[in-house]
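# Architecture and fold: a report
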Amino acid sequence: MAKYSPQDILRMVEENQVRFIRLQFTDIFGAMKCVNVTASQLQKVLRNECKFDGSSIEGFTRIEESDMCLYPDPDSFRILPWSDQGRVARLICDVHTTDGAPFAGCPRYVLRRVLAHAKAMGFDFYVGPELEFFLFHTDEAGKATTRSFDEGGYFDISPVDPGEKARREMCILLEEMGFEIEASHHEVARGQHEIDFKYDEALTTADNVITFKEVVKTTAQRHGLHATFMPKPIFGIAGSGMHINMSLFRDGKNVFYDETDRYGLSETAYRFIAGVMRHAASLAAVTNPLVNSYKRLVPGYEAPLYIAWSARNRSPLIRIPDAKGQATRIELRNPDPTANPYLVFALVLEAGLEGIEQGLVPPEAVNQNIYNMTREERKAAAVTALPADLNAAIERMEEDPLVRNVLGSHIYEKYLAAKRTEWREYRMRVSQWELDEYLGKY
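Criteria and cut-off values
Residues numbered from 1 in each chain as written. Predicted model: local features only at pLDDT ≥ 70, side-chain atom pairs only at ≥ 80, totals over all residues. Heavy atoms only, no water. Buried < 20%, exposed > 50% of the residue type's maximum accessible area, 1.4 Å probe, protein only. Helix = DSSP H or I, 4+ residues; strand = E, 2+ residues; numbered from the N terminus. Pairing = 2+ DSSP bridges. Salt bridge = Lys/Arg side-chain N within 4 Å of Asp/Glu carboxyl O. Patch = residues over 30% accessible without salt bridge, like charges linked within 9 Å, V, L, I, M, F, W, Y side chains within 5 Å. Areas by Shrake-Rupley, 256 points an atom, 1.4 Å probe, with all protein chains shown as cover. Contact = heavy atoms within 4.5 Å. Core = buried A, V, L, I, M, F, W, Y, C linked by side-chain atoms within 4.5 Å. Axes fitted to C-alpha atoms, helices over the stretch in contact; angles between N-to-C directions. Parallel < 35°, antiparallel > 145°, perpendicular 65-115°, else oblique. Left-handed = near helix turned anticlockwise from the far one by under 90°. Nonpolar A, V, L, I, M, F, W, Y, C, P; charged D, E, K, R; others polar. pLDDT = per-residue confidence, 0-100. Phe/Tyr/Trp six-rings, centres within 6.5 Å; stacked < 30°, edge-to-face > 60°. Lys NZ or Arg CZ within 6 Å of the ring centre and 35° of its normal.

Take unusual backbone geometry next. Of note in the backbone geometry, Asn48 takes a positive phi value of approximately 60 degrees without being a glycine. One non-glycine residue, Ala382, lies in positive phi territory at about 60 degrees.

Attention now goes to the pairing of strand β3 (residues 50-53). With burial as the criterion, only one face of β3 is covered, namely that bearing Cys50 and Phe52; the residues Lys51 and Asp53 on the opposite face remain uncovered. Strand direction decides the pairing type here: β3 and strand β4 (residues 67-72), joined by four bridges, are antiparallel. Within the sheet, the bridge partner assigned to Cys50 lies in β4 and is Leu70.

A separate point is the pattern of salt bridges. Within the structure shown, the criterion is met by 23 salt bridges. Residue Asp75 is joined to Lys3 by a salt bridge in which the shortest nitrogen-to-oxygen separation is 3.5 Å. With Asp75 in the loop between β4 and β5 (78-79) and Lys3 in the segment before α1 (6-15), this residue pair connects regions lying 72 residues apart in the sequence. Relative accessible area serves as the criterion here: at 15%, Asp75 is assigned to the buried category. With relative accessibility at 66%, the residue Lys3 sits in the exposed group. Measuring nitrogen to oxygen at the nearest pair gives 2.6 Å for the salt bridge that ties Glu413 to Arg404. For Glu413, a relative accessible area of 37% gives the class partly exposed.

Together, Val430, Leu435 and Leu439 make up an exposed nonpolar region whose accessible area comes to about 300 Å². If you trace the backbone, Leu439 turns up in the segment after α11 (432-438).

As a further point, take the environment of Leu390. Relative to the helices and strands, Leu390 resides in helix α9 (residues 390-399). Relative accessible area serves as the criterion here: at 0%, Leu390 is assigned to the buried category. Linking Leu390 and Arg404, residues 14 residues apart in sequence, is a C-alpha distance of 18 Å.

Among the secondary structure elements, Val209 is positioned in helix α5 (residues 202-222). Taking relative accessible area as the criterion, Val209 reaches 0% and is therefore assigned buried. The spacing of Val209 and Gly128 is 81 residues in sequence and 9.8 Å in space, taken between C-alpha atoms. If we ignore the near neighbours within four places in the chain, the residues touching Val209 are Pro129, Leu131, Phe197, Met242 and Pro341.

Right, let's get into the nonpolar core. Of all hydrophobic cores here, the largest spans 96 residues; its most connected members are Phe125, Phe212, Phe272, Trp309 and Ile318. In terms of residues, this core owes the most to one element, helix α6 (residues 267-287), which gives twelve residues. Counting 23 residues, the second largest nonpolar core, distinct from the first, contains Leu23, Phe25, Ile79 and Leu91.

This part is about the packing of α6 against α9. Packing of α6 against α9 leaves a shortest axis separation of 7 Å and a crossing angle of 120 degrees. Put simply, α6 runs oblique to α9. As α6 packs across α9, the resulting crossing turns out to be left-handed. In this structure, α6 uses Ala281, Ser282, Ala284, Ala285 and Val286 to contact α9, whose residues at the interface are Ala393, Ile394, Arg396 and Met397. Residue composition of the contact of α6 with α9, grouped by class: seven nonpolar, one polar and one charged.

A few words now on the confidence of the model for the chain. Close inspection of predicted coordinates is inappropriate for parts of the model with low pLDDT. Taken as a whole, the chain shows an average pLDDT of 90; of its residues, 93% reach a score of 70 or greater. Note that pLDDT drops below 50 for residues 152-156; the model gives that stretch 16 contacts with residues more than four away or on any other chain.

Turning our attention to the packing of helix α3 (residues 107-120) against helix α10 (residues 401-428). Two measures define how a pair of helices packs: the angle their axes make with one another and the distance between the axes. Contact geometry for α3 and α10: axes closest at 10 Å, N-to-C directions at 155 degrees. Between α3 and α10, the angle is such that the two are roughly antiparallel. Both α3 and α10 take part in a crossing whose hand is right-handed. Contacts between α3 and α10 involve Pro107, Val110, Arg113 and Val114 from the former and Asn405, Val406, Leu407, Gly408 and Ile411 from the latter. Residues of the contact of α3 with α10, tallied by class, amount to six nonpolar, two polar and one charged.

This next bit is on the packing of aromatic side chains. A ring pair, where both rings are aromatic, is described by two values, the distance of the centres and the angle of the planes. Enumeration according to the criterion identifies 17 aromatic pairs in this entry. By way of ring pairs, the aromatic residues Phe133, Phe179, Phe197, Phe212 and Phe229 are connected into one cluster. Positioned over the ring face of Tyr109 is Arg113, at 5.1 Å from the centre of the ring. In this arrangement the basic side chain of Lys213 is found over the ring face of Phe229, its NZ or CZ atom lying 5.8 Å from the centre.

Encoded structure:
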């Protein structure tokens with residue numbers, strides 16, 4: 001990411017005739033929020049003098065303590081390449097209280113804290129996510145449907161894949177926003193796509209995930225389509241994941257790599273894996289935050305159900321890609337793209353750091369298809385399962401002090417309360433499946 005000074009930003013705004021600036025931040029669930037200002041207010045913004053009412057933002061503050069301040073990150077300055085009515089730029093912001101302290105409910109602050117812990121241990125944390133999404137048609141009123149004329153499959157091309165034109169424009173716009181696009185392709189399911197961008201330092205990558213979603217949704221709308229990151233929009237086909245490739249560096253060197261190891265992994269990497277595996281079930285309410293998330297985590301679609309690791313197959317939670325040296329990494333396969341990337345990266349990193357600090361040792365790699373193993377075989381291999389639904393994930397989250405410590409009491413309590421409400425509302429609803437299955441029988 002480019003390094004900009006406030007003077008650089010003022011100059012670019014003037015040179016490019018930017019009229020509006022979006023001051024962007026996220027709520028605790030990763031939903032993008034923004035305050036729009038005109039270019040005339042930019043100097044005040046760059047002095048951290050932009051205030052807003054946080055009482056209506058999910059998980060922020062009570063109405064009696066609602067004033068918040070936005071502190072823009074100068075390096076996040078980008079001109080939005082699709083703006084039509086006057087040039088529009090954006091700045092990603094940290095949220096602070098009016099006395100200048102970082103706000104405990106700011107997800108970016110949560111990640112900053114854990115990155116500081118890693119830095120104190122001598123590590124830099126790099127992340128490369130793989131986000132999948134669906135492109136669907138809209139109805140006459142412009143509302144999303146689950147209809148797609150797309151009959152494409154994995155890596156198919158035109159004319160089978162009519163979403164390719166929209167996907168190509170997404171890649172162009174992302175590159176104009178500073179992304180390095182490594183690949184884009186049709187995914188396994190009808191209407192499903194993936195665009196991969198280069199890994200980066202974790203905070204930058206979390207910002208990029210939020211920006212990526214905005215670009216994908218905006219571009220789809222321009223093509224008369226609806227883009228959704230919902231994990232499982234259609235029964236019977238593959239769902240959308242957000243696989244997270246992770247590595248730790250020290251002084252520019254990947255510390256996960258050891259050329260003498262049979263899997264190319266260092267002791268540090270094994271301890272990191274063990275830490276992530278220890279806490280994976282209790283992180284699920286954040287890595288897989290929706291009721292719908294658990295309808296993706298079912299057998300038959302390469303989505304992981306079981307807490308294990310492997311260098312040879314895609315059924316476990318953690319896979320070790322076949323890359324060595326500086327490219328050595330750990331791939332966590334259960335998160336989905338509805339998760340808040342700031343909180344996910346913070347929690348997974350802290351779990352891995354705990355593994356390093358405590359010298360944890362993971363069980364042996366499971367190099368066979370876990371879906372085909374019997375219960376006894378899984379037990380013998382020390383393979384346990386992820387939570388089966390959001391309620392079970394909430395219960396596991398409540399049992400693990402690491403989650404509260406990372407999120408802080410403010411986010412932890414508000415997040416849990418919202419997820420309990422979501423589960424309660426879902427549990428009380430009567431689904432179409434129930435009507436189809438029971439109404440005529442009974």
